[in-house]
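This is what each chain is made of:
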Amino acid sequence: MESTQKAMNANKVIKVMLVEDHPKYRKVIEMAISAEPSMEMVSVFGAAEIALRNLRDREGQPVPDVILLDLNLPGVSGLDAIPKFLDELPATKIIVLTQSNAQTDIEIAVQRGASGYLLKASTVKQIVNGIETVANGGASLDGDVALHLLKMVQARSKKSEPAGVVLSAREREILLLLSQGMLKKEIARELDISFGSVATYIRRLYEKLDVQNAPAAIDKAHRIGVFENTGEQNE
C-alpha cells in the first residue's frame, strides 16, 4: 500500500503558485519550474492580496499544491499572508522564499504554518528539491535556517517557563493532574479542596498561558517545559 502511494506521488504533477514582486527573480523561478516535468506553474502574482482575491474567485482554476511566498511584498506582507492563504487552501503547503534570515521572520513564518523557509541565495536545484519535499509532506529549510531553529528549540528546552509566565506550586500541581486526564471534581477530591477553588485555579492557568482549554494548556506546558520542574513544587 505504501509503495503504491509513493508511486502515485511520484507520477503526480506538483502545481505551484508564486507570489513574488521582483520581476527578474520571478522570471528565474518561472523558468526553473517550467523546466521540471514533475511541476507546473499554475499562477504567478506580484502581491499577496491579488493572489488571495484570485483564490477567492478561483472557480474552475487549478488549486496549487505549493505556494512559494516572498515576505517583503507591497501591501500585505508575506508573514501576514500565510494564515490567510491557509484559510483559503488548508491543504496547500507554503514555502517562504525570501532574502530575510532574521530570527523573528523565521520564527513567525513557522509558527503561522509555513512548511518551508528558503533563502533566495538557494540554488534552483535546492528550491526544486524543497518544493518536492514539502509537496510530499516533509519540511524544507535552508541550512542556516535549520540551524537557527535547532538552537531556538534547544534554548527553549532549557527554560521552565517563558518570560512573563509564573505559575504557583498549586497551579503546577493542578496542571499536572489535568495532563493525567482528571476532571475538575476529581482534582478537587485528590487535593481536598473545593470544586470552586479548582475552577478558579484553572481559569488563572488559562489566562497565564494564554489558552482557551485544557488540551491547549497541556500542549503549551509541555512545549515551554513547565512539567520539567514539577518535582520542585512547594505549597
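Summary of the structure given here.

Rules used in this analysis
- Residues numbered from 1 in each chain as written.
- Predicted model: local features only at pLDDT ≥ 70, side-chain atom pairs only at ≥ 80, totals over all residues.
- Heavy atoms only, no water.
- Pairing = 2+ DSSP bridges.
- Helix = DSSP H or I, 4+ residues; strand = E, 2+ residues; numbered from the N terminus.
- Contact = heavy atoms within 4.5 Å.
- Axes fitted to C-alpha atoms, helices over the stretch in contact; angles between N-to-C directions.
- Buried < 20%, exposed > 50% of the residue type's maximum accessible area, 1.4 Å probe, protein only.
- Arc of directions from axis to C-beta.

1. Some words on the sheet that holds strand E4 (residues 93–98)
In step 1: Strand order across the open sheet formed by 6 strands is E2-E1-E3-E4-E5-E6, with parallel pairing between neighbours. On the outer flanks of this sheet lie strand E2 (39–45) and strand E6 (140–141), each paired with one strand and no other.
In step 2: Taken together, the 2 bridges between strand E5 (residues 116–119) and E6 define a ladder with parallel strand orientation. From the neighbouring strand, Tyr-117 faces E6, where its bridge partner is Leu-141.
In step 3: Each of strand E1 (14–19) and E2 is contacted by helix H3 (residues 48–56), which is oriented at about 140° to E1, the strand it contacts most.

2. Topic: helix H9 (residues 184–191)
In step 1: Buried residues of H9: Ile-187, Ala-188 and Leu-191, and no others. For H9, the angular spread of the buried residues around the axis is 100°, confining them to a single face. In H9, those exposed residues whose orientation departs by more than 90 degrees from the buried face are Lys-185, Arg-189 and Glu-190.
In step 2: Buried residues along H9 sit against helix H8 (169–179) and helix H10 (195–209).

3. Section: the environment of Leu-191
In step 1: By the element assignment, Leu-191 lies in helix H9.
In step 2: Given a relative accessible area of 14%, Leu-191 falls into the buried group.
In step 3: Between the alpha carbons of Leu-191 and Ile-174 there is a distance of 8.7 Å; along the sequence they are 17 residues apart.

Functional significance is not addressed by these values, which are geometric in nature.
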